[in-house]
Amino acid sequence: KWGDPSDLQDYEGPRDYDSLKQFADENLKPMCSVKNIDLCDSDKKAQIEKYQGMSLDELKGLVDEEETKISDAEEDFMREVEKLQAAYEQLMDTKDKKVAEVKAAGIGLMKSVIKNKETADKKDEL
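Quick caveat: nothing in here was measured; it's all calculated off a predicted structure. (Residues numbered from 1 in each chain as written. Predicted model: local features only at pLDDT ≥ 70, side-chain atom pairs only at ≥ 80, totals over all residues. Heavy atoms only, no water.)

Asker: Give a description of the pattern of salt bridges that names residues and reports values.
Answerer: Going through the model one piece at a time under the given rule, you end up with 7 salt bridges. For lysine 21, the salt bridge identified is with aspartate 25, shortest N-O distance 3.2 Å. Remark: aspartate 25 and lysine 21 occur in helix α1 (residues 17-27); sequence separation between them is 4 residues, near one turn of the helix. You can call lysine 21 partly exposed: its relative accessible area is 39%. Lysine 83 is the salt-bridge partner of glutamate 80, the closest N and O atoms lying 3.1 Å from each other. Taken as a pair, glutamate 80 and lysine 83 lie in helix α3 (residues 56-104) at a separation of 3 residues, close to a single helical turn. On the basis of relative accessibility, which here comes to 54%, the residue lysine 83 falls in the exposed class. (Salt bridge = Lys/Arg side-chain N within 4 Å of Asp/Glu carboxyl O. Helix = DSSP H or I, 4+ residues; strand = E, 2+ residues; numbered from the N terminus. Buried < 20%, exposed > 50% of the residue type's maximum accessible area, 1.4 Å probe, protein only.)

As structure tokens, then:
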């Protein structure tokens, strides 16, 4: 985790040394936050001041609304993943049945005959 201690973020980048070093050089330094407002650009300062001007209940309500959006997005994602999983399983079942049909129709014997003919042709050449 990294970032503002009151809003830590998950690090999701690569774990090799060079990537971690680059991330640390770019991100692990004093950064814009409520406690370091002097490090913020004008847009972030305005946003922080807007939130600071709200009552605690208003702010908690906004946070709840945004967290609901995230939760809804995650639920939608999981529903769609379940649909994909069902489609995948159906496709695998269809493929397995077709492969079994082809094998039952004698492809193995066909391949054996081809191999036998090729071996016989080579013997004839000698």
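Asker: Pulling in residues and values, what's your account of the side chain of serine 33?
Answerer: Tracing the chain through its elements places serine 33 in the loop between α1 and α2 (42-52). Not counting chain neighbours up to four residues away, the residues in contact with serine 33 comprise Asp4, Cys40 and Ile48. (Contact = heavy atoms within 4.5 Å.)

Asker: If you had to explain a nonpolar patch on the surface to someone new, which residues and values would you point to?
Answerer: Nonpolar side chains collect at one region of the surface, where Phe77, Met78 and Val81 lie side by side and expose about 290 Å² of accessible area between them. Note on placement: methionine 78 falls in helix α3. Take methionine 78: its relative accessible area is 45%, and that puts it in the partly exposed class. (Patch = residues over 30% accessible without salt bridge, like charges linked within 9 Å, V, L, I, M, F, W, Y side chains within 5 Å. Areas by Shrake-Rupley, 256 points an atom, 1.4 Å probe, with all protein chains shown as cover.)

It is worth stressing that arrangement in space is one thing and function is another; only the former is reported here.
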